[in-house]
Amino acid sequence: MLESLLHGLLGPFESVDAFVEAGGWVLPWIFLSGLVMWTLIVERWWYFRFGFRREREAMAHAWARRTDHKSWHARQIRRMLISRANARLVGSQPLIRVIVPLAPLLGLLGTVTGMLEVFDAMSALGYADARTMSDGVSHAMIATLAGLAVSLSGIFFVGRFQTISRVETELFADALKY
(Lines give C-alpha, C1' and ligand atoms only; values in the text may rest on other atoms or scores of the structure.)
Protein backbone atom coordinates (compact mmCIF):
# COMPACT_ATOMS: atom_id res chain seq x y z
CA MET A 1 0.00 0.00 0.00
CA LEU A 2 2.66 2.48 1.07
CA GLU A 3 4.90 1.44 -1.79
CA SER A 4 2.18 2.04 -4.40
CA LEU A 5 1.41 5.44 -2.86
CA LEU A 6 5.08 6.37 -2.92
CA HIS A 7 5.39 5.21 -6.52
CA GLY A 8 2.31 7.28 -7.44
CA LEU A 9 3.80 10.38 -5.85
CA LEU A 10 7.28 9.95 -7.28
CA GLY A 11 6.18 8.78 -10.74
CA PRO A 12 6.17 12.23 -12.36
CA PHE A 13 9.61 13.01 -10.93
CA GLU A 14 10.99 9.75 -12.28
CA SER A 15 9.68 10.50 -15.75
CA VAL A 16 11.19 14.01 -15.66
CA ASP A 17 14.47 12.51 -14.50
CA ALA A 18 14.37 10.02 -17.39
CA PHE A 19 13.59 12.85 -19.82
CA VAL A 20 16.54 14.91 -18.55
CA GLU A 21 18.81 11.90 -18.76
CA ALA A 22 17.69 11.19 -22.32
CA GLY A 23 18.21 14.81 -23.38
CA GLY A 24 21.78 15.17 -22.25
CA TRP A 25 23.66 17.63 -20.09
CA VAL A 26 22.09 20.74 -21.63
CA LEU A 27 18.53 19.90 -20.57
CA PRO A 28 18.88 21.06 -16.94
CA TRP A 29 20.04 24.44 -18.27
CA ILE A 30 16.99 24.65 -20.53
CA PHE A 31 14.72 23.77 -17.61
CA LEU A 32 16.44 26.36 -15.44
CA SER A 33 15.96 29.04 -18.09
CA GLY A 34 12.28 28.06 -18.36
CA LEU A 35 11.87 28.24 -14.60
CA VAL A 36 13.45 31.70 -14.46
CA MET A 37 11.36 32.88 -17.41
CA TRP A 38 8.09 31.66 -15.91
CA THR A 39 8.94 33.13 -12.52
CA LEU A 40 9.45 36.50 -14.20
CA ILE A 41 6.26 36.11 -16.24
CA VAL A 42 4.21 35.42 -13.11
CA GLU A 43 5.88 38.39 -11.36
CA ARG A 44 5.04 40.74 -14.26
CA TRP A 45 1.47 39.48 -14.44
CA TRP A 46 1.07 39.99 -10.67
CA TYR A 47 2.52 43.49 -10.91
CA PHE A 48 0.22 44.49 -13.80
CA ARG A 49 -2.78 43.04 -12.02
CA PHE A 50 -2.20 44.37 -8.51
CA GLY A 51 0.99 46.40 -7.95
CA PHE A 52 0.82 49.03 -10.65
CA ARG A 53 -2.69 50.14 -9.76
CA ARG A 54 -1.59 51.30 -6.31
CA GLU A 55 1.53 53.00 -7.64
CA ARG A 56 -0.40 54.70 -10.45
CA GLU A 57 -2.95 56.06 -8.00
CA ALA A 58 -0.23 57.32 -5.65
CA MET A 59 1.65 59.10 -8.46
CA ALA A 60 -1.57 60.56 -9.90
CA HIS A 61 -2.54 61.76 -6.43
CA ALA A 62 0.88 63.39 -5.98
CA TRP A 63 0.41 65.19 -9.31
CA ALA A 64 -3.12 66.29 -8.44
CA ARG A 65 -1.95 67.77 -5.12
CA ARG A 66 0.36 70.13 -6.95
CA THR A 67 -1.02 73.62 -7.48
CA ASP A 68 1.27 74.40 -10.40
CA HIS A 69 0.75 72.30 -13.55
CA LYS A 70 1.83 74.76 -16.25
CA SER A 71 5.39 75.83 -15.45
CA TRP A 72 8.51 74.27 -16.90
CA HIS A 73 9.27 72.74 -13.51
CA ALA A 74 5.82 71.16 -13.31
CA ARG A 75 6.16 69.71 -16.81
CA GLN A 76 9.51 68.17 -15.87
CA ILE A 77 7.97 66.60 -12.78
CA ARG A 78 5.15 65.23 -14.95
CA ARG A 79 7.71 63.76 -17.38
CA MET A 80 9.55 62.22 -14.43
CA LEU A 81 6.36 60.60 -13.11
CA ILE A 82 5.54 59.18 -16.55
CA SER A 83 9.09 57.90 -16.97
CA ARG A 84 9.03 56.30 -13.52
CA ALA A 85 5.72 54.59 -14.30
CA ASN A 86 7.10 53.30 -17.59
CA ALA A 87 10.28 52.00 -15.95
CA ARG A 88 8.25 50.14 -13.34
CA LEU A 89 5.94 48.72 -15.99
CA VAL A 90 8.83 47.45 -18.08
CA GLY A 91 10.56 45.98 -15.00
CA SER A 92 11.94 42.51 -15.76
CA GLN A 93 10.71 42.36 -19.34
CA PRO A 94 14.21 42.71 -20.85
CA LEU A 95 15.30 39.55 -19.05
CA ILE A 96 12.25 37.67 -20.35
CA ARG A 97 13.07 38.94 -23.85
CA VAL A 98 16.58 37.49 -23.46
CA ILE A 99 15.46 34.08 -22.19
CA VAL A 100 12.93 33.50 -24.99
CA PRO A 101 15.58 33.29 -27.75
CA LEU A 102 18.17 31.78 -25.37
CA ALA A 103 16.21 28.56 -24.80
CA PRO A 104 16.24 27.44 -28.47
CA LEU A 105 19.93 28.28 -28.65
CA LEU A 106 20.54 26.00 -25.68
CA GLY A 107 18.48 23.37 -27.51
CA LEU A 108 20.69 23.86 -30.55
CA LEU A 109 23.73 23.36 -28.36
CA GLY A 110 22.22 20.07 -27.21
CA THR A 111 21.55 19.16 -30.83
CA VAL A 112 25.15 19.78 -31.81
CA THR A 113 26.53 17.81 -28.87
CA GLY A 114 24.16 14.92 -29.64
CA MET A 115 25.28 14.85 -33.25
CA LEU A 116 28.91 14.97 -32.13
CA GLU A 117 28.18 11.86 -30.06
CA VAL A 118 26.89 10.18 -33.20
CA PHE A 119 29.98 11.09 -35.21
CA ASP A 120 32.29 10.13 -32.36
CA ALA A 121 30.66 6.71 -32.07
CA MET A 122 30.84 6.21 -35.82
CA SER A 123 34.54 7.07 -35.92
CA ALA A 124 35.34 4.87 -32.88
CA LEU A 125 33.57 1.85 -34.35
CA GLY A 126 34.63 2.46 -37.92
CA TYR A 127 31.09 1.88 -39.15
CA ALA A 128 27.58 3.21 -38.51
CA ASP A 129 25.94 1.31 -35.65
CA ALA A 130 22.21 2.07 -35.65
CA ARG A 131 21.83 1.79 -31.87
CA THR A 132 24.66 4.21 -31.10
CA MET A 133 23.47 6.64 -33.76
CA SER A 134 19.89 6.59 -32.49
CA ASP A 135 21.04 7.40 -28.95
CA GLY A 136 22.93 10.52 -30.14
CA VAL A 137 20.10 11.61 -32.40
CA SER A 138 17.66 11.13 -29.53
CA HIS A 139 19.77 13.42 -27.32
CA ALA A 140 19.78 15.96 -30.11
CA MET A 141 16.04 15.94 -30.75
CA ILE A 142 15.02 16.01 -27.08
CA ALA A 143 17.23 19.04 -26.44
CA THR A 144 15.81 20.81 -29.47
CA LEU A 145 12.25 20.00 -28.41
CA ALA A 146 12.80 21.26 -24.87
CA GLY A 147 14.41 24.52 -26.05
CA LEU A 148 11.59 25.23 -28.48
CA ALA A 149 8.92 24.37 -25.90
CA VAL A 150 10.38 26.82 -23.38
CA SER A 151 10.70 29.55 -25.98
CA LEU A 152 7.24 29.08 -27.47
CA SER A 153 5.62 29.04 -24.05
CA GLY A 154 6.99 32.51 -23.29
CA ILE A 155 6.83 34.29 -26.63
CA PHE A 156 3.17 35.27 -26.27
CA PHE A 157 3.84 36.99 -22.96
CA VAL A 158 6.71 39.05 -24.37
CA GLY A 159 4.41 40.72 -26.89
CA ARG A 160 1.53 40.99 -24.47
CA PHE A 161 3.62 42.61 -21.74
CA GLN A 162 5.14 45.10 -24.19
CA THR A 163 1.65 46.12 -25.32
CA ILE A 164 0.38 46.44 -21.75
CA SER A 165 3.39 48.56 -20.77
CA ARG A 166 2.97 50.90 -23.73
CA VAL A 167 -0.80 51.30 -23.30
CA GLU A 168 -0.63 51.78 -19.52
CA THR A 169 2.13 54.40 -19.91
CA GLU A 170 0.03 56.31 -22.44
CA LEU A 171 -3.06 56.10 -20.24
CA PHE A 172 -1.09 57.31 -17.24
CA ALA A 173 0.31 60.21 -19.25
CA ASP A 174 -3.21 61.14 -20.33
CA ALA A 175 -4.41 60.99 -16.72
CA LEU A 176 -1.83 63.59 -15.60
CA LYS A 177 -3.62 66.67 -16.89
CA TYR A 178 -1.88 70.02 -17.28
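Keep in mind it's a predicted model, so treat the numbers as computed, not measured.

Caption draft 1: Region of the structure containing the packing of helix α2 (residues 27-65) against helix α4 (residues 93-125). It is at 9 Å that the axes of α2 and α4 come closest, and there the two elements cross at 155°. Here α4 runs roughly antiparallel to α2, going by the angle between their axes. Crossing angle aside, the handedness with which α2 passes α4 is left-handed. Of the residues in α4, those touching α2 at Trp29, Ile30, Ser33, Val36, Met37, Leu40, Ile41, Arg44 and Phe48 are Gln93, Leu95, Ile96, Ile99, Val100, Ala103, Leu106 and Gly107. Residues belonging to the contact of α2 with α4 are distributed by class as follows: 13 nonpolar, 3 polar and 1 charged.

Caption draft 2: A look at α2. In a regular helix each residue adds 1.5 Å, so 39 residues correspond to 57 Å; α2 covers 54 Å between its end C-alpha atoms and thus fits that length. Approximately 50° is the largest bend angle found in α2, and it occurs at Tyr47.

Caption draft 3: The nonpolar core, seen in detail. One finds Leu27, Ile30, Met37, Leu81, Ile96, Phe172 and Leu176 to be the most contacted residues of the largest nonpolar core, which totals 31 residues. Elements with a minimum of two residues in this core: α2, α3 (72-90), α4 and α5 (130-175). Not counting residues up to four positions away in its chain, the partners in contact with Met37 are Ile96, Ile99, Val100, Val150, Ser153 and Gly154.

Caption draft 4: Representation of the environment of Phe157 within the structure. By secondary structure assignment, the location of Phe157 is in helix α5. Looking at Phe157, the relative accessible area reads 23%, which means it is partly exposed. In the structure, Phe157 is positioned 116 residues away from Ile41 in sequence and 7.2 Å away in space, judged by C-alpha atoms. Non-local contacts of Phe157, meaning those with residues more than four positions away in its chain, are made with Trp38 and Ile41.

Rules of the game
- Residues numbered from 1 in each chain as written.
- Predicted model: local features only at pLDDT ≥ 70, side-chain atom pairs only at ≥ 80, totals over all residues.
- Heavy atoms only, no water.
- Axes fitted to C-alpha atoms, helices over the stretch in contact; angles between N-to-C directions.
- Helix = DSSP H or I, 4+ residues; strand = E, 2+ residues; numbered from the N terminus.
- Parallel < 35°, antiparallel > 145°, perpendicular 65-115°, else oblique.
- Left-handed = near helix turned anticlockwise from the far one by under 90°.
- Contact = heavy atoms within 4.5 Å.
- Nonpolar A, V, L, I, M, F, W, Y, C, P; charged D, E, K, R; others polar.
- Expected span 1.5 Å × (residues − 1).
- Bend = angle between axes of the 7 residues up to and from the residue.
- Core = buried A, V, L, I, M, F, W, Y, C linked by side-chain atoms within 4.5 Å.
- Buried < 20%, exposed > 50% of the residue type's maximum accessible area, 1.4 Å probe, protein only.

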